[in-house]
Amino acid sequence: MNAQDELKQISLLYVEDDETIRKQITHFLSRKVGQLWVANDGQQGLDQFMANKPDIVLSDIMMPVMNGLEMVRSIKEKSPETPVIFTTAFNDATYLLDAIKLQVDNYVLKPVELDELSEAIQKSARLLLARRELLSKSEELEIYWRSAEEERRLVAELMKVMMHPETLRDTELRYHIKQAEKVGAT
């Protein structure tokens, strides 16, 4: 599967307070991802996340009302597996350390290079899709295992009954028990 097809399978929440940047990146993202939600600040972003459960979150750090770090902290409490990518003009080690503590997947500096942003989103999408496939295969294995266990249980029950022919006494049933080496010889 190529990168474009992978991105078309994901939904993304983009949170940015700068209107000019938001419009440019939104235009770029709307052609790349399957579903896109956009918010102007961290609180709107959190509300959008709770309402839509996007696959990936792309957010600025410094925003009014609620900053990106606070928003992601709330998101990670509810959905720790959700990949998060931060975009920021700040190169402050404190923000980077906070982002690492929140297990943010990537960090793209502003001004955003679209190729770099696309690469960061593709990396998160690949991991997300691989995790989904692994979960799907695990569920298939679980179903197969349950089915095999049920068959094993039924065979064990049948063998138990067959090993004790006295339990086969049924006036409506005619049967004949032969030794295994004689079966088919008659």
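Just above sits the structure.
What counts and how
- Residues numbered from 1 in each chain as written.
- Predicted model: local features only at pLDDT ≥ 70, side-chain atom pairs only at ≥ 80, totals over all residues.
- Heavy atoms only, no water.
- Buried < 20%, exposed > 50% of the residue type's maximum accessible area, 1.4 Å probe, protein only.
- Helix = DSSP H or I, 4+ residues; strand = E, 2+ residues; numbered from the N terminus.
- Pairing = 2+ DSSP bridges.

### What about the pairing of strand β4 (residues 84–88)?
Part 1: The buried count for β4 comes to five of five residues, which makes it a mostly enclosed element.
Part 2: Taking every second residue as pointing to the same face, both faces of β4 are buried, with Val84, Phe86 and Thr88 on one and Ile85 and Thr87 on the other.
Part 3: Where strand β3 (residues 56–60) and β4 come together, four bridges link them in parallel fashion. The residue of β4 that forms the bridge with Ser59 is Phe86.

### Overview of unusual backbone geometry
Part 1: Residue Pro111 is bonded to the preceding Lys110 through a cis peptide linkage, with omega at 0°.
Part 2: Within the fold, Pro111 resides in the loop between β5 (106–109) and α6 (114–163).
Part 3: The backbone of Lys53 sits at a positive phi, close to 50°, despite the residue not being glycine.
Part 4: Within the secondary structure, Lys53 sits in the loop between α3 (42–52) and β3.
Part 5: Within the chain, Val65 stands out as a residue other than glycine whose phi angle is a positive 70°.

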